[in-house]
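# Examination of the molecular architecture
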Amino acid sequence: MQKNRRVSNIELLRILSIFLITMHHLVVHGSNACGYLTNYSFEQGTLGIILNSFCIIGVNVFILISGWFGIKNPIKATIHLIVDFVILSTLMNIGLYLHQGNLGELNIIETYKFKYLWFLYDYIILALLSPFLERLIKSMSLKTYTIFILIITFINVVICYGLELVNSNGYGLLNFLYLYFVARYLRRSFEIGVLRRYSSSFFAILYIGLSLLAAGCYFLLAYMGFGESLGGVRFFSYNNPIFILSSICLLLSFSIVKPFYSNMVNVMATGVFSVYILQSSMQLCPYRVLLSKLIYSDYSYIGLFVLGISILIVFSITGVLVEKIWSFIESKSKKILNIWNEIN
């Protein structure tokens, strides 16, 4: 019976990845101590850089999870995400209207565009391309696949990140495609026993070590006088090789551990994409930024951590409720389609 259920350790990682994305947003905009909005100096403290070094990999991990399992039913997944987005946008518009009597400076048409949600539309494109990616992957032997991974790693790390010729910060489809291929390669290696010799704690320790290494590198560069020229967005790029490795280690630390099953974890995980949509939307993003600044000024990073947990819980519950609406729409659509087929 458990074979047909989602493995909860991976679903827990999915929840964690969204929490890391949330904390990254809160730390960057709340503390303004990571070199994103202003040039970094040691007077701003060191904890923000350390926290961001642990949190920045959330996006990478989320894509790696999709690659670890492969994206099943990409058309259905795409429709599902778009329906979720429309429902959530409608709920936010209604909430804003009830709160302030209007949408303020927001144009209602603009709220139904993916203006602030680069992660969502790039993920949708990845999902639509996934059948073709799977065909390519299945056509390669392990040796050929290994060479392929080395080539695209060189492209993503050296040409994209190092030389900044294209997609220099990893915010886009190219890095998503790269991570998907890497995760499928790791899954194949795991299935033939290559990764089974290592323990989950080994990869967890590597993740911690790499995150601290990243923070140390940033401090060293700042100490050497590169603080003004080295922006946070540049160093904390998703295709920085340190963060690629640390995201892989976090994935493996959850993937090779003994599986466990929890209905609560699995249900909560169904709502995590809504956490991203809600906090990054045109409607709520300004409130999240303002609230993070206010809480940081009074309660520092402890306050941001509590705020991150609160956002995760409240928005996940909202997402789960939206999933119930989606399931209702889907079941009714199937019934209508069955009736239509019977008539014809």
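Since the model is a prediction, treat every value here as computed from it, not as a measurement.

Tallying secondary structure elements over the protein gives 13 helices and zero strands in all. For the protein, the α and β elements follow one another from N to C terminus as α-α-α-α-α-α-α-α-α-α-α-α-α. For the protein, whose C-alpha radius of gyration is 21 Å, the value lies close to the compact-globule estimate of 20 Å for 344 residues. With the C-alpha coordinates of the protein rotated into their principal frame, the extents come out at 75 × 60 × 40 Å. In the protein, buried positions account for 49% of the 344 residues. Excluding contacts between residues fewer than 6 apart, the proportion of contacts in the protein whose partners are at least 24 apart in sequence is 84%. Accessible surface, the protein: about 17,300 Å² in total, of which carbon and sulfur atoms supply 68%. Separation between the mean location of the 24 positive side-chain charges and that of the 14 negative ones in the protein comes to 14 Å.

Let's shift gears to the packing of helix α3 (residues 58-69) against helix α7 (residues 173-191). As a packed pair, α3 and α7 sit with axes 7 Å apart at the nearest point and diverge in direction by 50°. Overall, the two elements α3 and α7 adopt an arrangement that is oblique. Crossing of α3 against α7: the hand is right-handed. Contacts from V59, N60, I63, L64, S66, G67, W68 and F69 in α3 reach N175, F176, L179, Y180, V182, A183, R184, L186, R187 and F190 in α7.

Here the focus is the side chain of S281. Note that S281 resides in the loop between α12 (272-280) and α13 (285-343). A polar contact of 2.9 Å, which involves the side chain of S281, links it to the backbone oxygen of L278. Residues contacting S281, with those up to four places away along its chain left out, are M92, Y116, L117 and P286.

The subject of this paragraph is unusual backbone geometry. In this model, N73 sits at a positive phi of 50°, which is unusual for a non-glycine residue. Non-glycine residue E164 carries a positive phi angle of around 60°. Inspection of the secondary structure puts E164 in the loop between α6 (142-162) and α7. Its relative accessible area of 45% is what places E164 among the partly exposed residues.

Ranked by size, the top nonpolar core spans 96 residues in total, and within it F119, L120, Y123, L126, F273 and Y276 carry the most contacts. Among all residues touching L120, those that are not within four sequence positions of it are L81, F85, F114, F273, Y276 and I277.

Within the fold, D122 resides in helix α5 (residues 118-139). Relative accessible area serves as the criterion here: at 8%, D122 is assigned to the buried category. Expressed as a C-alpha distance, the spacing of D122 and L177, which sit 55 residues apart in the sequence, is 9.7 Å. Each residue touching D122, except ones within four places of it in the same chain, is listed here: G172, L173 and F176.

How each quantity is defined
- Residues numbered from 1 in each chain as written.
- Predicted model: local features only at pLDDT ≥ 70, side-chain atom pairs only at ≥ 80, totals over all residues.
- Heavy atoms only, no water.
- Helix = DSSP H or I, 4+ residues; strand = E, 2+ residues; numbered from the N terminus.
- Rg over C-alpha atoms; globule rule 2.2 N^0.38 Å.
- Buried < 20%, exposed > 50% of the residue type's maximum accessible area, 1.4 Å probe, protein only.
- Contact = heavy atoms within 4.5 Å.
- Areas by Shrake-Rupley, 256 points an atom, 1.4 Å probe, with all protein chains shown as cover.
- Lys, Arg positive; Asp, Glu negative; His and termini not counted.
- Charge placed at Lys NZ, Arg CZ, Asp CG, Glu CD.
- Axes fitted to C-alpha atoms, helices over the stretch in contact; angles between N-to-C directions.
- Parallel < 35°, antiparallel > 145°, perpendicular 65-115°, else oblique.
- Left-handed = near helix turned anticlockwise from the far one by under 90°.
- Polar contact = N/O pair within 3.5 Å; in protein donor to acceptor, adjacent residues only side chain to side chain.
- Core = buried A, V, L, I, M, F, W, Y, C linked by side-chain atoms within 4.5 Å.

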